[in-house]
Amino acid sequence: MERVFGGEAEWLETDGLGGFASGTVSGARSRRYHALLLAARTPPTDRFVLVNGLEVWADSGGVEYPLCAHNYEPGVVYPTGFKWIESFTPDPWPTWVYKLDDRTRIQHEVFVPRGRAATVATWRVLTEGREVALRVKPLLTVRGYHQLHSENGSFSFLAEVGEGRVTWHPYWGTPRVRAMFSGSYEPNPDWFRSFLYARERERGLDANEDCATPGEFRFTITGAQPEAGLIFSTDTPPDRPLPAGGATEVIASLREQEAARREALPGAVAVKHKRGRGAKEAWSTAGLARAADAYLVKRGLASTIIAGYPWFTDWGRDTFIAMRGLCLATGRMETGAADPHRVVAGADGRAPAQPLPRRGRGARVSLGGRGALVRAGGPRLPGDGRRRQGDGRGRGEGLYAVGGRRQADPPHVCARSRPMPRGRALGIRMDADGLLACGEGDSSLTWMDARVDGKAMTPRVGKPVEIQALWINALKLAANDEPRLARSAARAEASFAKRFWNEDKGCLFDVVDVGHTEGETDGGLRPNQLLAIGGLTHSLVSGKRARASWTCASRSCSPRWACGRWGRGSRGISAGTSARAAAGRWSATAPTTTARRGPGSWAPSPRRGSGCAAGRPRPSARRGSGL
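The paragraphs below set out a description of the structure included in this document. (Residues numbered from 1 in each chain as written. Predicted model: local features only at pLDDT ≥ 70, side-chain atom pairs only at ≥ 80, totals over all residues. Heavy atoms only, no water.)

## Description of the overall build of the protein chain
What counts, and what does not: Counting from the N terminus, the helices are the DSSP runs of H or I reaching at least four residues and the strands are the DSSP runs of E reaching at least two. Whether a residue is buried, partly exposed or exposed follows from its accessible area with a 1.4 Å probe, protein chains only, as a fraction of its type maximum: under 20%, in between, or over 50%, in that order. The contact criterion used throughout is that any non-hydrogen atoms of two residues lie within 4.5 Å. Method for areas: the Shrake-Rupley scheme with a 1.4 Å probe, in which residue coverage is limited to the protein chains shown.
Counting its regular elements, the protein chain contains 11 helices and 37 strands. Burial status across the protein chain gives 57% buried among its 627 residues. Taking as baseline every contact in the protein chain between residues at least 6 positions apart, the subset at least 24 positions apart corresponds to 61%. A total accessible area of about 26000 Å² is found for the protein chain, and carbon and sulfur atoms account for 51% of it.

## Describing the side chain of Glu 10
Keep this limit in mind: Counting of polar contacts relies on pairs of N or O atoms within 3.5 Å, with two restrictions inside protein: one atom must be capable of donating a hydrogen and the other of accepting it, and residues adjacent in sequence are counted only when both atoms are side-chain atoms.
For Glu 10, the location among the structural elements is in strand 1 (residues 10–14). In this structure the side chain of Glu 10 is engaged in a polar contact, spanning 2.9 Å, whose partner is the side chain of Arg 31. A distance of 3.0 Å separates the side chain of Glu 10 from the side chain of His 34, its partner in a polar contact.

## A few points about the pairing of strand 11 (residues 118–125)
Test applied: A pair of strands counts as paired when DSSP detects no fewer than two bridges linking them.
The element strand 11 is largely enclosed, with a buried count of 7 among its 8 residues. Examined bridge by bridge, strand 10 (residues 105–111) and strand 11 share 6 bridges and lie antiparallel to one another. When the bridges of strand 11 are listed, Val 110 appears paired with Ala 121. As consecutive antiparallel partners, strand 10 and strand 11 are separated by 6 residues, and within that stretch Gly 115 has a phi angle of approximately 85°, a positive value.

## Observations concerning the nonpolar core
Counted only if it meets this: Here the nonpolar core consists of buried residues drawn from Ala, Val, Leu, Ile, Met, Phe, Trp, Tyr and Cys, with membership extended through side-chain atoms lying within 4.5 Å.
If you look at the biggest cluster of nonpolar residues, it comprises 48 residues, and the most contacted ones within it are Leu 67, Trp 123, Leu 134, Val 136, Trp 168, Phe 217 and Phe 232. Looking at this core, the element that brings in the most residues is strand 4 (residues 45–60), giving 6 residues. Counting residues in each nonpolar core, the second largest holds 29 residues, with Leu 508, Leu 530, Ala 532 and Ile 533 among its members.

## Topic: the sheet that holds strand 30 (residues 463–464)
Spatial ordering of the open sheet is given by 30-33-34, a layout of 3 strands whose pairing is antiparallel. Here the strands that pair on one side only, and so sit at the sheet edges, are strand 30 and strand 34 (521–522). Of the pairings in the sheet, the one linking strand 30 to strand 33 (residues 511–512) comprises 2 bridges and is antiparallel in character. From the neighbouring strand, Pro 464 faces strand 33, where its bridge partner is Val 511.

## So, the packing of aromatic side chains
Quick note on the threshold: Stacked, edge-to-face and tilted are the three classes for Phe, Tyr and Trp ring pairs, Trp counted by its six-membered ring, which pair at centre distances within 6.5 Å; planes under 30 degrees apart are stacked, over 60 edge-to-face, the rest tilted. A ring is considered to have a charge above it if a Lys NZ or an Arg CZ atom is located within 6 Å of its centre and within 35 degrees of its normal.
The final tally for this structure, using the stated rule, is 23 aromatic pairs. Arranged with centres 6.4 Å apart and planes meeting at 75°, the rings of Phe 217 and Phe 232 form a pair that is edge-to-face. Pair noted here: Phe 217 is in strand 17 (residues 208–221) and Phe 232 is in strand 18 (residues 227–233), with a separation of 15 residues, a long-range link. What makes Phe 217 buried here is its relative accessible area of 0%. A residue is classified by how much of its surface remains accessible, and Phe 232, at 0% relative accessible area, is buried. Cluster of aromatic residues (ring-pair linked, three or more members): Trp 168, Phe 181, Tyr 185, Phe 217 and Phe 232. Looking at Arg 29, its charged tip hangs above the ring of Phe 195, at a distance of 4.7 Å from the centre.

## What about the pairing of strand 12 (residues 132–144)?
Burial analysis of strand 12 places 11 of its 13 residues in the buried class, which makes it a mostly covered element. Sheet analysis places strand 12 next to strand 17, joined by 6 bridges and oriented antiparallel. Each residue of the ladder has a partner; that of Ala 133, found in strand 17, is Thr 220.

## Looking at the sheet that holds strand 15 (residues 177–181)
The cut-off we apply is this: Orientation is described by axes fitted as lines to C-alpha atoms, over the contacting stretch for helices, and by angles from 0 to 180 degrees between their N-to-C directions.
Read from one edge of the open sheet, 8 strands run 8-9-10-11-18-15-14-13, paired in antiparallel fashion. Looking at the sheet topology across the chains shown, the edges are occupied by strand 8 (85–89) and strand 13 (159–162). Between one strand axis and the next, the sheet turns through 15° on average, direction left out of account. Contacting strand 10, strand 11, strand 15 and strand 18, helix 2 (residues 247–263) crosses the sheet at an angle of about 75° to strand 18.

## So, the packing of helix 7 (residues 465–478) against helix 8 (residues 485–499)
Just so we agree on the cut-off: Between 65 and 115 degrees an angle is taken as roughly perpendicular, under 35 as roughly parallel, over 145 as roughly antiparallel, and anywhere else as oblique. Two helices cross in a left-handed way if the nearer one is turned anticlockwise from the farther one by less than a right angle. They cross in a right-handed way if the turn is clockwise. Any residue outside Ala, Val, Leu, Ile, Met, Phe, Trp, Tyr, Cys, Pro, Asp, Glu, Lys and Arg is labelled polar, Gly included; the first ten of those are nonpolar and the last four are charged.
For the pair helix 7 and helix 8, interaxial distance at closest approach is 8 Å and the crossing angle is 155°. By the angle between their axes, helix 7 is roughly antiparallel relative to helix 8. Where helix 7 crosses over helix 8, the handedness of that crossing is left-handed. Facing Val 465, Gln 468, Trp 471, Ile 472, Leu 475, Lys 476 and Ala 478 of helix 7, the residues of helix 8 in contact are Leu 485, Ser 488, Ala 489, Ala 492, Glu 493 and Phe 496. Grouping the constituent residues of the contact of helix 7 with helix 8 by class yields 9 nonpolar, 2 polar and 2 charged.

Quick look at the structure:
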């Protein structure tokens with residue numbers, strides 16, 4: 001299937017540890033998160049931007065051509081290497097072909113080997129009989145990935161230089177940056193100042209950064225040495241060092257291993273797709289398989305799911321929402337992320353707070369996360385083959401949500417008798433009508449958890465509609481193990497049908513008993529109500545009311561967003577979104593256009609892009625943001 005990518009389209013390569021490499025097709029970085037080497041020091045958290053990018057120049061026939069592009073304040077683009085891009089493809093990893101004025105064609109590849117905090121960059125001359133001299137300067141910052149870097153006297157340019165290797169340690173207490181190379185290295189400390197990140201400016205954030213370059217790599221690409229290669233890495237994780245040998249041998253080994261791994265991914269098989277009037281064209285679902293693979297990462301000895309690239313790590317709610325699409329729909333039952341208990345790794349088997357534990361971050365309660373956990377593990381899946389202790393009945397059909405019934409029960413197959421937290425903390429309780437009340441003051445316990453200066457933007461205190469859908473669904477699933485809960489489920493379902501229908505608008509109320517005031521309702525129209533119509537094992541609204549709610553929500557909200565998240569044909573909430581992200585389609589994929597940015601400078605015209613999430617797009621990098 002032919003695809004055309006615009007210059008502002010973004011590509012993504014992940015390492016399975018929470019780190020990644022990303023950028024734009026044009027080569028010009030537009031986000032603070034665009035980097036060649038971005039690593040997680042305590043996977044998948046504590047991320048550092050180590051190598052922001054490269055300054056690359058190729059000498060062919062005595063003429064130097066740039067194979068890079070950078071945006072500088074106040075909007076000047078230099079150099080303009082994208083002018084020589086002949087083609088780009090994200091398969092099997094980001095690959096550019098540059099065609100110079102003298103018809104010399106150079107292929108540039110970037111890939112990240114799975115399970116290693118490393119990035120491989122190579123250049124190969126495709127035109128026979130041509131010799132090209134290459135100069136490459138690494139741009140370093142070594143900063144937290146949410147921060148920006150400025151020129152300062154504390155940056156250490158000192159380097160440990162060995163045979164084909166060099167190591168920098170710019171700041172004390174930060175990860176080291178290592179490089180393996182097939183050419184030569186010359187120290188030449190310097191600063192590149194005032195890079196401009198257009199997407200950060202659009203989001204109203206600081207958008208300027210200075211990068212340091214400690215030296216320059218030089219390569220000569222000839223018939224005897226057909227490829228120039230660089231491997232940037234750090235000391236995370238220490239238990240998986242790079243293979244021994246020179247850069248050329250190591251690159252060949254990593255390329256072969258990574259290519260074989262991607263080809264073997266579940267679902268990475270060729271299929272037939274009809275187009276036009278019965279015409280058939282072969283294409284591959286490998287992009288979807290790799291997209292799912294990008295979001296599955298390690299957390300210690302267990303697995304977890306990244307909530308979104310480029311700025312999020314793993315959050316309880318998003319993990320369990322995305323689990324079905326990323327693990328179950330792709331047949332990845334062998335991964336730890338397919339087992340809710342191995343994701344949350346809780347000793348007592350209880351559902352996690354939101355987000356999952358991380359260094360330097362306090363956890364917050366998310367009722368949506370707990371409900372999504374029951375949804376993720378509720379349906380019985382074949383092939384589990386395990387039994388619950390003290391119960392002679394086989395559990396070979398089932399994978400159960402976490403919420404331990406008693407201490408003797410193995411958490412991965414325990415009953416669902418406590419799908420929500422007990423007690424009255426934060427106003428969480430089952431009311432007399434069987435519905436779940438939650439919230440105190442301006443607490444934000446639902447997925448609409450954006451806070452500004454500590455104040456919740458959408459508190460939704462009372463009985464939110466999607467929380468009731470998850471709650472009743474959890475009660476019904478738990479009733480399979482605890483028949484006594486069937487009465488509570490029936491009472492809650494009857495109360496929902498009686499109290500949530502908004503006759504005036506022909507849809508569901510967003511919240512009832514607002515502020516815990518009986519009878520007070522919030523008629524705000526939000527897509528949250530669609531969860532009560534479909535997407536769960538048990539739907540609460542059907543028939544004419546379901547059609548009316550769907551029509552009302554589709555007209556008033558974004559139809560494309562609503563259909564993509566809960567509409568018919570959606571096997572996994574996050575599979576489509578993550579597929580577009582990992583396949584390099586974060587932004588528009590229209591042909592490249594150009595616009596004058598400054599005297600003598602040309603650049604791809606700006607297009608508004610967005611980071612992609614496993615569960616949903618995320619509009620802001622501010623902690624605690626949500627739709």
